[in-house]
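So the chains spell out like this:
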Amino acid sequence: MTGTTEPPRTEPRTVLVTGATGYIGGRLVPRLLEAGHTVKVLVRTPAKIAGVPWLKDVEVVQSSLDDGGALRDALAGVDVLYYLVHSMAAGAGFEAKEKTMAQTAADAAAEAGVSRIVYLGGLHPSDVELSTHMRSREAVGKVFLDSPVDAVVFQAGVVIGSGSASFEMIRHLSETLPLMPAPSWVRNRIEAIAVRDVLYYLVRAASLTGHINRTFDIGCRQVLTYAGMMKEYAAEAGLPYRVVLALPVPAPKLAGLWVALTTPIPLSMSLPLVQSLQHDAVSREHDIDSIIPVPEDGLTPYRRAVALALGKERDGQVETTWASAGVDADPLPSDPEWAGHKVFVDERTFHGDVDPAHVWTVIEGIGGRNGWYSLPLAWRVRGWLDKLTGGAGLLRGRRHPGNLAPGEVVDWWRVERIDRGKLLRLRAEMRAPGRAWLELSVEPDGGGSRYRQRAIFFPKGLSGRLYWLAVLPFHSLIFPAMARNITTAARKIADAGRTTAGSSNPPAAP
């Protein structure tokens, strides 16, 4: 269907969004605000949304979904609860924990008098044994449907958008190999959906009236195989024709490992993503059309969704990424609190005759395509070793080439603190026997600048101490060169006449 009109606007609602630090939630909030709704967000770590442009327009509630009392208080006066939380973790008790959290939210919503719960689940067949994660998402949806509060449970398949895990998986697999042997599930039928259409449905769910308590399948109405999706991506991206050879074995674990090694997706996420592709994922009904008409210009075809995603990445306009949510971790203790703890520090300073603003431009643009300004081969080797042990590796890149905000990913680091123009603190998410941070800072020094970098490592046990000793030779090569090259890159910016920090991308690392 195309050419239908927008649904009639109703009175503004008060909504509470959980998962606002995630890929979908972080994009939904500003669109709810644009639609005229009053928005609350419930987050465990408010620092993760410190840099978002919509922060001043929402009420932030710091709490956890495990705290039923706090959730009930947060839901006071709320009309619609958006439940957009789903962990990609695994292990014993995973499904039970997901279900318990959903039940806590459902009970709190009922006690607070919420009118509707909106949940985004996964598209799946009904007559097969589902993977752990798909089974958990189905169970969470059922909790809401069985609760006293009306629930709209959307079921979507592969979400295509700049920064989505599914899109990054397709992109990197398509770009890595022109001839790709693949498991048999690449022949499965998939109905993707553009992230813009997911958000369209979610926003309009806030304005629904009447008794509606059921699931709705949503998709682009175009069915491809997974192999077909990769070939269509290659065509849109201008790559040579890709040959995908479907082997007569499912091999989900082996495929999950292969995806982890060849894409930015870590093994902890690639395995459940691959497992969710073991069966067809196609809409069984289009009943959503009876309560939410399709957009005026129609649902977004798959290839158009790919083009939009590529354009957003090319223009540096990626709103959120799959890595946005991340995991909570203890922040770096302040220096006085180091007393009594074993800590290793590698500190370097470099004085230059360049304006501190130009040095800051390089600091804030570090990582991703710009690299790390020293021995790129050594960084790549460490990244591959991290991938092989289930870590993040260096392929995650960064959301924007020149701007950072707290909580964002930079390769295997995450921004823990940013004092713009002065200091950037990155917390390591690589696999290591201890906790690690990297601090980069700059300050005026006479007519020039003083650049400072600190690598800080809190070892865990004997293995942590041995690890630090093992990497010391590499640090002695990498870190001095890094300090020099960052200042050199800043001087190139000055020589090119770029006098405003952040006015353009910094020079890439040598």
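Residues numbered from 1 in each chain as written. Predicted model: local features only at pLDDT ≥ 70, side-chain atom pairs only at ≥ 80, totals over all residues. Heavy atoms only, no water.

Asks: What is the right way to read the packing of helix α1 (residues 23-34) against helix α6 (residues 195-205) from this model?
Replies: For any two helices packed against each other, the geometry is given by the interaxial angle and the distance between the axes. Contact geometry of α1 with α6 gives a least axis separation of 10 Å together with a crossing angle of 55 degrees. When the axis of α1 is compared with that of α6, the two are oblique. Considering how the two elements wind past one another, α1 and α6 form a crossing that is right-handed. Contacts between α1 and α6 pair Y23, I24, R27, L28, R31 and L32 from the former with V195, V198, L199, L202 and V203 from the latter. In terms of residue class, the contact of α1 with α6 is built from 9 nonpolar, no polar and 2 charged. (Axes fitted to C-alpha atoms, helices over the stretch in contact; angles between N-to-C directions. Helix = DSSP H or I, 4+ residues; strand = E, 2+ residues; numbered from the N terminus. Parallel < 35°, antiparallel > 145°, perpendicular 65-115°, else oblique. Left-handed = near helix turned anticlockwise from the far one by under 90°. Contact = heavy atoms within 4.5 Å. Nonpolar A, V, L, I, M, F, W, Y, C, P; charged D, E, K, R; others polar.)

Asks: Please explain empty space enclosed by the protein as it appears in this structure.
Replies: Rolled over the atoms, a probe sized like a water molecule indicates the empty space that remains. Within this structure, the stated rule accounts for 1 cavity of 30 Å³ or more. Considered as a void within the structure, the largest cavity measures approximately 60 Å³ in volume. A breakdown of the residues in the lining of the largest cavity according to their chemical character gives 4 nonpolar, 5 polar and 1 charged. (1 Å grid on protein atoms, 1.4 Å probe; cavity = no way out; pocket = protein on both sides within 12 Å on 5 of 7 lines; lining within 4 Å. Points joined across faces, edges and corners; volume = space filled by probe spheres on them.)

Asks: Which parts of the structure should I look at to understand the nonpolar core?
Replies: Side chains that are nonpolar tend, in soluble globular proteins, to be buried together. Judged by nonpolar contacts, the single largest core of 42 residues is most densely connected at V17, I24, L32, V41, Y82, F154 and Y201. Elements that contribute at least two residues to this core include exactly β1 (14-18), α1, β2 (38-43), β4 (80-83), β5 (116-122), β6 (150-156), α6 and β11 (214-218). At 8 residues, the largest contribution of residues to this core is made by α6. If you look at the next biggest cluster of nonpolar residues, it comprises 39 residues, including V362, I366, V415 and F457. (Core = buried A, V, L, I, M, F, W, Y, C linked by side-chain atoms within 4.5 Å. Buried < 20%, exposed > 50% of the residue type's maximum accessible area, 1.4 Å probe, protein only.)

Asks: Got a minute to help me understand the pattern of salt bridges in this structure?
Replies: Side chains that differ in charge, positive against negative, can pair when their charged atoms come close. By the definition in use, this model includes 27 salt bridges. Of the charged contacts in the structure, one is a salt bridge between D315 and R314, with a shortest N-O distance of 3.9 Å. For R425, the salt bridge is made with E439, and the minimal N-O distance between the two is 2.8 Å. Within this pair, whereas R425 is found in strand β17 (residues 423-428), its partner E439 is found in strand β18 (residues 434-445), the two being separated by 14 residues in sequence. Residue R425 shares its accessibility class with E439, and that shared class is buried. A network of salt bridges, in which partner residues are shared, links R396, R414, E416, R425, R427, E429, E439 and R454. (Salt bridge = Lys/Arg side-chain N within 4 Å of Asp/Glu carboxyl O.)

Asks: Quick question: what am I supposed to make of the packing of aromatic side chains here?
Replies: The geometry of two aromatic rings is summed up by the distance between their centres and the angle between their planes. Using the criterion set out here, one finds 14 aromatic pairs in the structure. Both rings, one in F344 and one in W468, keep their centres 5.3 Å apart while their planes meet at 10 degrees; by these two values the pair is stacked. Here the residue F344 occupies a position in strand β14 (residues 344-352), and W468 occupies one in helix α13 (residues 461-495), the gap between them amounting to 124 residues. A relative accessible area of 7% means that W468 is categorised as buried. A ring pair is formed by W372 and W413, whose centres lie 6.2 Å apart and whose planes are at 45 degrees; its orientation type is tilted. (Phe/Tyr/Trp six-rings, centres within 6.5 Å; stacked < 30°, edge-to-face > 60°.)

Asks: Hey, could you run me through helix α10 (residues 302-314) in this one?
Replies: Count 3.6 residues to each turn of an α-helix, and residues three or four apart come out pointing the same way. Helix length check: α10 (13 residues) gives 18 Å between terminal C-alpha atoms against 18 Å at 1.5 Å per residue, within 8%. All of the buried residues along α10 are Y302, A305, V306, A309, L310 and G311. Against β7 (159-160), α5 (165-176), β10 (193-194), β12 (223-225) and α7 (226-236) lie the buried residues of α10. (Expected span 1.5 Å × (residues − 1).)

Asks: How should I be thinking about the sheet that holds β14 in this particular structure?
Replies: Within a sheet, adjacent strands bond to each other through the backbone by hydrogen bonds, running parallel or antiparallel. The strand order β14-β19-β18-β17-β16-β15 describes an open sheet built from 6 strands, whose pairing is antiparallel. The two strands at the open ends of the sheet, each matched to only one other strand, are β14 and β15 (409-410). Sitting on the sheet, helix α11 (residues 356-364) is in contact with β16 (413-419), β17, β18 and β19 (448-459), with an inclination near 160 degrees to β18. (Pairing = 2+ DSSP bridges.)

Asks: Would you take a moment to explain α11 for this structure?
Replies: Counting buried residues along α11, 8 of its 9 residues qualify, which places the element largely inside the surrounding structure. Buried within α11 we find P356, H358, V359, W360, T361, V362, I363 and E364.

Asks: Any chance you could explain the pairing of β19 here in plain terms?
Replies: Regular strands have side chains that alternate between both faces of the sheet. Within β19, 10 of the 12 residues are buried, which leaves the element mostly enclosed by the surrounding structure. Both β14 and β19 contribute to a ladder of 9 bridges, which runs antiparallel. Bridge pairing in β19 links T349 to R452.

Asks: In this structure, what is going on with the packing of helix α8 (residues 252-262) against helix α9 (residues 267-275)? I would like to understand it.
Replies: In contact at an axis separation of 8 Å, α8 and α9 are set at 135 degrees when each is read in the N-to-C sense. It follows that α8 is oblique to α9 by the angle criterion. Between α8 and α9 lies a crossing of right-handed hand. Each of P252, K253, A255, G256, L257, V259 and A260 in α8 lies in contact with α9, whose residues at this interface are L267, S270, L271, V274 and Q275. Grouping the amino acids of the contact of α8 with α9 by side-chain chemistry returns 8 nonpolar, 3 polar and 1 charged.

Asks: Can you help me understand the sheet that holds β4 in this one?
Replies: Spatial ordering of the open sheet is given by β3-β2-β1-β4-β5-β6-β11, a layout of 7 strands whose pairing is parallel. Because the sheet does not close on itself, it has two edges, and the strands there are β3 (59-62) and β11. Strand-to-strand twist of the sheet, defined as the mean angle between neighbouring strand axes without regard to direction, takes the value 20 degrees. Two elements, β4 and β5, share 4 bridges in a ladder whose sense is parallel. Within β5, the residue paired with L81 across the bridge is I117. Along the sheet, α1 makes contact with β1, β2, β4 and β5, crossing β2 at roughly 160 degrees. The strands that α6 touches are β4, β5, β6 and β11; relative to β5, the one it contacts most, it runs at about 160 degrees.

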